[in-house]
Amino acid sequence: MKTLTVDLGDRSYPIFIGQGLIDQPELIQPYVTGTQVLIVSNTTVAPLYLERVKQTFSDYDVQTVVLPDGEQYKNLEILNRIFDVAIEHHFDRKCTFVALGGGVIGDMTGFAAAAYQRGVNFIQMPTTLLSQVDSSVGGKTGVNHPQGKNMIGAFHQPECVVIDTDTLNTLEDRELSAGLAEVIKYGLIVDYPFFEWLEQNLPGLLDRKADVLAEAIERSCQNKADIVAKDEKEAGLRALFNLGHTFGHAIEAGMGYGVWLHGEGVSAGMMQAIYLSKLMGDLTQADQDRAAAILSAARLPVLPPSTDDMPNERFLALMAGDKKVQAGKIRLVLLKAIGQAYVTGDYSPALLERTLTEYR
Ligand code: NAD
Ligand code: MG
């Protein structure tokens, strides 16, 4: 087992990474407060892992909530079901919520924990690659509003993150690839050696070799933890995690949520950011080809939808609706080099237009 730390002073917490961790009460119980534990999962993950996790917390008064599966249920109405169970069973302020599932369950459980009785403890047990390398670390929690993704939320850090890499064995290939987009993102934004390592080790990742997955997860979480420790509430640096996301969110919304997975939109979106960085003279054609090669090898799309499906005006309008817009300018994460990202609103709109036109 590997242990990393997210260094946030008195709110610091460990990330445990290894095989079989969801079955280890001695590892997890030190992070439980109170006597009441509420495990939140969904209809896909619960049949696979809930009984085992209940066993892990068998020293406590355990309640469970099984939510419907899907991004469309990440809303205030469904969130209430968590509060309903907690209140019905008289959960007090010392209780602990446990998120067992992917990013949807993690974000909802974390937000419920942030709001229940003005804040209770929670533990993340992420079961998708995306949630293991991204959403379970860093304390962003929340739900969607009909008018926008993650519009209602809070920063609320977990007590610990328990990453059981064995849970990835039941994940669908397409979801594994979507998670790989965020893994590759860390190489592109801040970690060139990791990017090279990923080029070498992609076959092992696709074969779900436990040691290779564990190393990729560890290096991803380390990068996330380092940046979160420096910029917990996204005053600056943390925005680098949004590489490809302004383009990607536009694709997700433009094609209709659920048609493109988030990681798929991010993959094509990162390529658009890379193309624009090339037009700006910072990246070479060879850099672009390398990025496309690794994303394709990860079975991810490297081209955005066609201009028929998403004309430039619509693409731009959706990008401008993104909540990262400051004072009307679309701020983008671009690359100076592979492994060196920066955030800027200072680029020529004509080059963005060319990117949308030429890179299809
Ligand atoms: P998800 O939670 O919808 O999970 C994807 C699918 O995999 C679901 O159908 C789920 O039931 C299933 N699943 C989960 N674990 C499984 C397992 N072990 N075996 C089989 N099936 C399994 O999606 P996701 O990609 O994990 O997360 C996406 C969400 O995360 C979005 O809502 C996004 O906004 C959020 N997110 C949050 C942050 C953050 O910082 N908080 C960062 C990135 C993404
Ligand atoms: Mg993302």
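These numbers were taken from a predicted model, which means no experiment stands behind them. Going along each chain's sequence as written, the residues are numbered from 1 onward. Chain labels run from A onward and ligand labels from 1 onward, assigned in the order the entries are written. Whole-chain, interface and lining totals are the exception, using all residues; otherwise, since this is a predicted model, local features are given only for residues with pLDDT of at least 70 and side-chain atom pairs are given and counted only at 80 or more. Hydrogens are left out, water is left out, and the side-chain values use all remaining heavy atoms of the structure.

Chemist: So, the pattern of salt bridges: which residues are in play, and what are the values?
Modeler: We define a salt bridge as a side-chain nitrogen of Lys or Arg found within 4 Å of a carboxyl oxygen belonging to Asp or Glu. All told, the structure shown has 18 salt bridges when counted by the stated rule. Put simply, Lys-149 and Glu-71 hold a salt bridge, and the shortest N to O gap is 4.0 Å. Here Glu-71 lies in the loop between β4 (61-67) and α3 (76-88) and Lys-149 lies in strand β8 (residues 148-155), a separation of 78 residues in the sequence. Lys-224 is the salt-bridge partner of Asp-134, the closest N and O atoms lying 2.8 Å from each other. Highlighted residues: Asp-134 in helix α5 (residues 129-135) and Lys-224 in helix α8 (residues 210-230), separated in sequence by 90 residues. The exposure classification of Asp-134 matches that of Lys-224, with both residues buried. What emerges from the salt-bridge pattern is a single network uniting Asp-134, Glu-182, Lys-185 and Lys-224. Helix and strand definitions follow DSSP, with helices as H or I runs of at least four residues and strands as E runs of at least two, each counted in order from the N terminus. Under the scheme applied here, a residue whose accessible area is under 20% of the maximum for its type counts as buried, over 50% as exposed, and between as partly exposed, the area being computed with a 1.4 Å probe on protein chains only.

Chemist: Describe the UniProt feature "domain: 3-dehydroquinate synthase N-terminal" (unreviewed entry) in the protein, listing the residues and the values that go with them.
Modeler: UniProt positions are given in the numbering used here, feature names are shortened, and annotations may be inferred rather than shown by experiment. Mapped onto this numbering, the UniProt entry annotates "domain: 3-dehydroquinate synthase N-terminal" (unreviewed entry) at residues 65-177. Structurally, residues 65-177 is divided into 34% helix and 30% strand, and its ends, taken at the C-alpha atoms, are 28 Å apart.

Chemist: Give me the domain arrangement of the protein: which residues, what numbers.
Modeler: Those domain boundaries reflect an automatic or database domain assignment. We note that the domain assignment places domain 1 (2-170) and domain 2 (173-358) within the protein. With both sides pooled, the region where domain 1 packs onto domain 2 buries about 2,500 Å², and carbon together with sulfur makes up 66% of that total. When the buried surface of domain 1 facing domain 2 is broken down by residue, Leu-129, Val-133 and Lys-149 rank first, second and third, together holding 24% of it. What qualifies as a polar contact is a pair of N or O atoms within 3.5 Å, subject to a donor-acceptor requirement within protein and to the restriction that residues adjacent in sequence count only when both atoms come from side chains. At the boundary of domain 1 with domain 2, the tally comes to 9 residue pairs in polar contact (both at pLDDT 80 or more). Elements with a contribution of two residues or more to the side of domain 1 that touches domain 2: β1 (2-6), β2 (13-18), α5 and β8. A per-element tally of the side of domain 1 that touches domain 2 places α5 first, with 5 residues. In this classification, Asp, Glu, Lys and Arg are treated as charged, Ala, Val, Leu, Ile, Met, Phe, Trp, Tyr, Cys and Pro as nonpolar, and every other residue, Gly included, as polar. Taken together, the residues that form the side of domain 1 that touches domain 2 break down as 13 nonpolar, 8 polar and 6 charged. Simply put, the buried area is the total loss of 1.4 Å probe accessible area from both parts when two parts are fitted together.

Chemist: Give a description of the site of ligand 1 that names residues and reports values.
Modeler: Only a single heavy atom is needed: when it lies within 4 Å of a molecule or strand, its residue is near that molecule or strand. Near ligand 1 you find 25 residues, and of these Asp-69, Glu-71, Thr-127, Thr-128 and Thr-170 are the closest. Here Thr-128 contributes a side-chain N or O atom positioned 2.6 Å from an oxygen atom of ligand 1. Measuring from an oxygen atom of ligand 1, one finds a side-chain N or O atom of Asn-150 at 3.4 Å. Elements that contribute at least two residues to the shell around ligand 1 include exactly α2 (46-56), α4 (103-115), α5 and β8. Residues of the shell around ligand 1, tallied by class, amount to 6 nonpolar, 10 polar and 9 charged.

Chemist: Tell me about the packing of helix α6 (residues 173-190) against helix α10 (residues 262-279), and name the residues and values.
Modeler: For every element, the axis is a line fit to its C-alpha atoms; helices are fit only across the contacting stretch, and the angle between N-to-C directions ranges from 0 to 180 degrees. Direction vectors running N to C along α6 and α10 enclose 35 degrees, while the axes themselves pass 7 Å from each other. Note that α6 runs across α10; the crossing there is left-handed. Judged by residue contacts, Arg-174, Ala-178, Ala-181, Glu-182, Lys-185 and Leu-188 of α6 engage His-262, Gly-263, Glu-264, Val-266, Ser-267, Met-270 and Ile-274 from α10. Residues of the contact of α6 with α10, tallied by class, amount to 6 nonpolar, 3 polar and 4 charged. We call a crossing left-handed when the near helix sits turned anticlockwise from the far one by less than a right angle, and right-handed when that turn is clockwise. By definition in these notes, contact holds between two residues if any of their heavy atoms fall within 4.5 Å.

Chemist: Go over the packing of helix α7 (residues 192-206) against helix α11 (residues 285-297), please, and point to the residues and values.
Modeler: When two helices pack together, their arrangement is given by the angle between the helix axes and the distance between those axes. Orientation of α7 relative to α11, taken along the N-to-C sense of each, is 30 degrees, at an axis distance of 10 Å. Judged by the inter-axis angle, α7 sits roughly parallel to α11. In terms of crossing hand, the pair formed by α7 and α11 is left-handed. Facing Tyr-192, Phe-195, Glu-196, Leu-198, Glu-199, Leu-202 and Leu-206 of α7, the residues of α11 in contact are Arg-290, Ala-291, Ile-294 and Ala-297. Considered class by class, the residues forming the contact of α7 with α11 number 8 nonpolar, no polar and 3 charged. Comment on the angle field: the value is read as roughly parallel under 35 degrees, roughly antiparallel over 145, roughly perpendicular from 65 to 115, and oblique elsewhere.

Chemist: Talk me through the packing of aromatic side chains; I want residue IDs and the actual numbers.
Modeler: Whether two aromatic rings pair depends on their centres lying within 6.5 Å, for rings of Phe, Tyr and Trp, where Trp uses its six-membered ring; planes under 30 degrees apart make the pair stacked, over 60 edge-to-face, and the rest tilted. Within this structure, the stated rule accounts for 7 aromatic pairs. Summarising the aromatic geometry, the rings of Phe-83 and Tyr-116 are spaced 6.4 Å apart at their centres and angled 15 degrees between planes, so their arrangement reads as stacked. Taken as a pair, Phe-83 in helix α3 and Tyr-116 in the loop between α4 and β6 (121-126) lie far apart in primary sequence, 33 residues in all. Given a relative accessible area of 16%, Phe-83 falls into the buried group. Each residue in the set Phe-83, Phe-97 and Tyr-116 is aromatic and connected to the rest through ring pairs, giving one cluster. Either the NZ atom of lysine or the CZ atom of arginine qualifies as a charge over a ring when it sits within 6 Å of the ring centre and within 35 degrees of the ring normal. The aromatic ring of Tyr-186 is capped on one face by Lys-185, whose charged end is 5.4 Å from the ring centroid.

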